[in-house]
Amino acid sequence: VVYEQEGVFIHSSCGKNDDQDSLISGILRVIEKENEVIVDWRPLDEALGTSSIFYAGKDSSSVVEWTQTPKEKCSRGADRPSSYEAEWDMVTTVSFKKKPHSNGDSTAHANGESKWSFLFSLADLKSIKQNKEGMGWSYLVFCLKDDVRLPALHFHHGDSKLLIKCLEKHVVLNESPQDKRILLVNSQNKSLSQSFENLFDEPSYGLLQKFKRDPYTVTMGRFSKVTNYIFDSFRLSDPSSQRRPPSEMADFLNDAIPGLKINQQEEPGFEVITRIDLGKQPEVSRREPVSAEEWAKSMDSEGRILNADYIKQLIFKGGLCHTLRKEAWKFLLGYFPWNSTKEERANLQKRKTDEYFRMKLQWKSVSEEQEKRNSRLRDYRSLIEKDVNRTDRTNKFYEGEDNPGLILLHDILMTYCMYDFDLGYVQGMSDLLSPVLYVMENEVDAFWCFVSYMDQMHQNFEEQMQGMKTQLIQLSTLLRLLDSGFCSYLESQDSGYLYFCFRWLLIRFKREFSFQDILRLWEVMWTELPCQNFHLLLCCAILESEKQQIMDKHYGFNEILKHINELSMKIDVEYILCKAEAISMQMMNCKELPQAVSEILGIENSSVTPDSYTGEDESGAVLSCPTSLYQSVSTPGIAANGTRDSTEQTSEPQSLTPA
């Protein structure tokens with residue numbers, strides 16, 4: 001029960017005389033039940049006669065059927081005005097006749113004990129009509145998608161606005177252009193539109209169903225409240241089953257993301273990867289960040305980067321000092337071509353500035369009346385405002401309610417909706433933009449860098465979630481090669497789909513590392529070294545680092561979920577970068593690398609075998625690996641444990657350059 005209000009009345013015109021209405025007091029609740037949200041009203045007084053019973057019947061398609069029995073109608077006084085508001089035209093005696101259920105479900109009203117009761121699924125709601133101001137008690141009238149109007153509910157003991165706020169957590173409500181009292185339910189895909197919801201305050205038993213219907217929102221929140229109740233709900237319907245067969249994979253993510261199949265050995269097109277000896281992980285060290293002097297020396301007199309590959313290798317091995325990021329990120333993200341001159345870049349910025357302002361003017365010039373007729377733009381604005389207000393304020397750049405950083409964040413996201421109106425705004429995009437704006441300190445540059453970043457991340461936010469499906473499958477393939485025993489353990493605990501990595505992949509670890517660490521991590525990933533999909537190897541590195549604790553302590557589903565969630569802000573970025581690079585070296589030097597893995601990493605090597613190795617390695621030979629792929633650019637500075645001899649100087653931006 002997420003909402004409950006007593007003193008909610010139905011005013012019936014079937015009183016003892018036509019001049020007096022019967023007031024039927026009841027309790028209104030909003031209930032999260034299985035994979036739907038139910039609005040339920042029940043009377044407090046169960047002593048009503050059987051001639052005036054409301055049944056809320058729901059068939060398999062969640063459509064409420066209304067039928068009015070003529071003999072039960074009460075005649076209305078002739079003096080009652082015909083123009084009386086429909087919601088104030090008190091309800092005559094109506095019977096709800098429940099349709100036969102085709103899905104075997106039963107409702108709380110099937111036994112006839114709850115009289116005058118009704119319920120409906122929020123998925124069937126079409127609109128809500130509110131009372132006119134100054135008309136006494138506030139009331140609401142629900143209209144369903146088949147144009148059925150439920151009896152008006154009058155709030156004698158409380159404001160109906162609290163209910164509206166509750167419903168807005170589950171559906172998007174917009175004022176009707178024709179009548180401001182009517183709130184229309186927007187039918188857009190809620191899983192791709194609603195703002196982040198923090199699960200700290202959610203009942204734990206709702207976590208499973210929330211993930212099934214909305215993996216985006218749930219994984220962007222916290223998986224902190226995990227109990228055995230949740231674990232059991234992931235099991236088969238038989239509560240006595242203690243463990244699924246080893247051959248059976250956890251299937252709930254497949255329900256949430258249709259078409260996702262991971263590690264199904266009988267699935268055509270997938271290789272069986274077992275017992276391939278990758279050898280020991282080599283020791284890897286990292287260097288100091290690229291300095292301003294090194295950056296300047298890499299350019300010719302006209303401002304061209306002389307050796308882009310070499311600079312990328314330097315950045316991969318050590319990142320950038322903060323003062324260089326504003327310029328270097330434009331190259332890494334593809335906003336500036338690597339071979340461009342300083343003059344060419346200045347001309348490009350001028351053109352892009354003009355283009356940006358033309359797009360910004362499009363939404364800035366939309367009047368309130370126009371926006372009322374453009375539901376998509378109106379929804380984008382509402383979602384952006386909510387997410388911007390949830391921006392991490394630990395960074396001084398975004399402190400305060402009226403901080404100019406937050407204003408620019410809003411404006412850039414709104415302009416992006418004009419740039420890609422089909423995709424528009426989807427939750428998570430603000431997480432990707434905030435570090436970019438922090439570094440650029442300029443509205444136009446931040447926008448075009450964000451556009452380039454979204455070109456890489458676009459598939460993560462598409463409605464079909466194809467990008468997320470592909471990455472989860474690829475991650476499972478890599479982890480199985482790296483440690484098939486760990487994969488088998490995760491599968492035995494119903495964690496084989498690695499769904500707890502969903503948030504890592506969706507927004508590239510943004511909520512797993514501190515703000516400064518994410519700047520380092522992203523610039524390393526943007527070099528696209530040492531292979532494709534290096535971010536998946538980062539996932540492998542984190543999971544492998546936690547493997548011993550998970551297995552030694554025999555963590556089950558609950559504990560794995562909780563443990564992975566609690567890693568947020570506790571991961572050593574330098575250590576994980578070293579470990580991920582070592583894993584890449586292991587795989588790229590493997591002489592029997594499965595074809596599927598070589599394709600994921602983009603490796604074209606004559607030593608890669610087209611077929612997987614399925615036999616056992618009897619020799620126990622260990623493959624030797626070079627200490628580093630980039631010895632020419634590697635300098636001592638950071639050990640494999642991620643410690644640094646001297647701290648990096650990170651300067652806070654002093655001022656904004658709003659466009």
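Residues numbered from 1 in each chain as written. Predicted model: local features only at pLDDT ≥ 70, side-chain atom pairs only at ≥ 80, totals over all residues. Heavy atoms only, no water.

So the rule is basically this: UniProt positions are given in the numbering used here, feature names are shortened, and annotations may be inferred rather than shown by experiment.
For the chain, the name recorded in an unreviewed UniProt entry is TBC1 domain family member 15, with Chordeiles acutipennis as its organism. In the Function (unreviewed entry) part of its UniProt record, the chain is described as follows: "Acts as a GTPase activating protein for RAB7A. Does not act on RAB4, RAB5 or RAB6."

## Some words on the overall build of the chain
For the record, the criterion: Helix and strand labels come from DSSP, where a helix needs a run of H or I of at least four residues and a strand needs a run of E of at least two; each type is numbered from the N terminus. To sort residues, take the accessible area from a 1.4 Å probe on protein chains only and compare it with the maximum for the residue type: under 20% means buried, over 50% means exposed, and anything in between is partly exposed. In this analysis, two residues are considered to be in contact whenever any of their non-hydrogen atoms come within 4.5 Å of each other.
On a plain count of helices and strands, the chain comes out with 22 helices and 9 strands. The buried share of the chain, taken over its 659 residues, is 54%. Nonlocal contacts in the chain, meaning residues at least 24 apart in sequence, comprise 71% of its contacts between residues at least 6 apart.

## Some points on the nonpolar core
We apply this condition: Throughout this description, the term nonpolar core refers to a set of buried Ala, Val, Leu, Ile, Met, Phe, Trp, Tyr and Cys residues connected via side-chain atoms within 4.5 Å. The domain boundaries here were taken from an automatic or database domain assignment.
By size, the foremost hydrophobic cluster in this structure holds 128 residues, and its most contacted members are Met429, Phe461, Phe509 and Met587. Lining this core are residues from two domains, each supplying at least three of them: domain 2 (320-460) and domain 3 (466-601). Excluding anything up to four places from it in sequence, Phe509 contacts Trp504, Ile518, Leu521, Met525, His535, Leu538, Cys539 and Ile542.

## A word on the sheet that holds strand β7 (residues 153-155)
Rules: Here, strands pair whenever DSSP counts at least two bridges between them. Lines are fitted to the C-alpha atoms to define the axes, a helix being fitted only along its stretch in contact, and any angle between axes, read from their N-to-C directions, falls within 0 to 180 degrees.
One open sheet accounts for 9 strands, arranged β4-β3-β2-β1-β7-β6-β5-β9-β8; its pairing is antiparallel. The open sheet has two free edges, formed respectively by β4 (118-121) and β8 (172-175), since each of these has just one partner strand. The average undirected angle you get between the axes of adjacent strands in this sheet is 30°. Note that strand β6 (residues 138-144) and β7 share 3 bridges and pair antiparallel. When the sheet's bridge partners are listed, Tyr139 is paired in β7 with His154.

## Comments concerning the packing of helix α19 (residues 534-552) against helix α21 (residues 573-588)
To be explicit about the condition: Convention used here: angles under 35 degrees read as roughly parallel, angles over 145 as roughly antiparallel, angles from 65 to 115 as roughly perpendicular, and any remaining angle as oblique.
Relative to each other, α19 and α21 sit at 110°, their axes nearing to 8 Å. Our classification of the angle between α19 and α21 gives roughly perpendicular. Of the residues in α21, those touching α19 at Phe534, Leu537, Leu538, Cys540, Ala541, Ile542, Glu544 and Ser545 are Tyr575, Ile576, Leu577, Lys579, Ala580, Glu581, Ile583, Ser584 and Met587.

## Focus: α21
Structural remark: α-helix, 3.6 residues per turn; residues separated by three or four positions point the same way. Threshold: Multiplying 1.5 Å by the helix residue count minus one yields the expected span of that helix. N or O atoms closer than or at 3.5 Å make up a polar contact, with two conditions inside protein: a donor-capable atom paired with an acceptor-capable one, and, for residues adjacent in sequence, both atoms drawn from side chains.
For α21, which comprises 16 residues, the first-to-last C-alpha distance of 22 Å matches the rise-based estimate of 22 Å (1.5 Å per residue) to within 8%. For α21, the buried fraction is high: 15 of the 16 residues fall into the buried class. Structurally, the start of α21 carries an N-cap: the backbone nitrogen of Glu574 is 3.1 Å from a side-chain oxygen of Asp572.

## A few points about the confidence of the model for the chain
Which entries qualify depends on this criterion: As a per-residue measure, pLDDT tells how confident the predictor is, with possible values from 0 to 100.
With 64% of its residues at a pLDDT of at least 70, the chain reaches an overall mean of 74. Low pLDDT (under 50) marks residues 222-259, which in the prediction has 82 contacts with non-local residues, meaning those over four places away or in another chain. Considering only residues more than four positions removed or in separate chains, one finds that residues 261-271, a stretch of pLDDT under 50, has 23 contacts.

## Let's talk about unusual backbone geometry
The step from Leu529 to Pro530 runs through a cis peptide bond, and the omega angle for that step is -5°. As for its position among the elements, Pro530 is in the loop between α18 (515-526) and α19. In this structure, Leu498 takes a positive phi of about 55° despite not being glycine. The topology assignment puts Leu498 in the loop between α16 (484-492) and α17 (502-506). At His554, a residue that is not glycine, the phi angle is positive and equals roughly 55°. On the secondary structure map, His554 appears in the loop between α19 and α20 (557-565). On the basis of relative accessibility, which here comes to 63%, the residue His554 falls in the exposed class.

## What to know about the packing of helix α8 (residues 322-332) against α18
Heads up, the rule is: Helix crossings fall into two classes, left-handed where the near helix is turned counterclockwise from the far one by less than a right angle and right-handed where it is turned clockwise. Following the grouping adopted for this structure description, the nonpolar residues are Ala, Val, Leu, Ile, Met, Phe, Trp, Tyr, Cys and Pro, the charged ones are Asp, Glu, Lys and Arg, and the polar ones are all others, Gly among them.
Relative orientation of the contacting elements α8 and α18 amounts to 35°, with a least axis distance of 11 Å. For α8 against α18, the interelement crossing comes out left-handed. Contacts between α8 and α18 involve His322, Arg325, Trp329 and Leu332 from the former and Gln516, Leu519, Arg520, Glu523 and Trp526 from the latter. A per-class count over the contact of α8 with α18 returns 4 nonpolar, 2 polar and 3 charged.

## As for the pairing of strand β9 (residues 182-186)
Two strands pair when backbone bridges link them, and strand β5 (residues 125-130) and β9 are joined in this way by 3 bridges, in the antiparallel orientation. Bridged to Ser127 within β9 is Leu184. Pairing of β8 with β9, which is carried by 4 bridges, proceeds in the antiparallel orientation. Bridge assignment links Leu173 to a residue of β9, and that residue is Val185. Hairpin connection, β8 to β9: the antiparallel pair is bridged by 6 residues.

## A word on the packing of aromatic side chains
Condition: Ring geometry is summarised as follows: Phe, Tyr and Trp rings, the Trp one being its six-membered ring, pair when their centres sit within 6.5 Å, and such pairs are stacked at plane angles under 30 degrees, edge-to-face over 60 and tilted between the two. In this scheme, the term charge over a ring applies when either NZ of a lysine or CZ of an arginine sits within 6 Å of the ring centre and within 35 degrees of the ring normal.
This structure, assessed with the given rule, holds 24 aromatic pairs. Taking the centre distance of 5.3 Å and the plane angle of 40° together, the rings of Phe331 and Trp338 count as tilted. Trp338 carries the same exposure label as Phe331, and that label is buried. Residues Tyr356 and Phe357 carry aromatic rings whose centres are separated by 5.6 Å and whose planes lie at 70° to one another, so their mutual orientation is edge-to-face. For Tyr356, a relative accessible area of 0% corresponds to the buried category. Joined through ring pairs, the aromatic side chains of Tyr356, Phe357, Tyr416, Tyr419, Phe447, Trp448 and Phe450 make up one cluster. The ring of Trp448 is capped by Lys352, whose NZ or CZ atom sits 4.1 Å from the centre of that ring.

## Considering the state of the cysteines
As a reminder of what qualifies: Criterion for a disulfide: a pair of cysteine sulfur atoms within 2.5 Å.
Applying the stated criterion to the full structure yields 0 disulfides. The structure places no disulfide on Cys487, whose sulfur is separated from the nearest cysteine sulfur, that of Cys540, by 8.3 Å.

## Looking at the pairing of β5
Sheet faces and side chains relate simply in a regular strand, where the side chains alternate between the two faces. Note that β5 and β6 share 5 bridges and pair antiparallel. Looking across to β6, one finds that Gln130 is bridged to Leu140.

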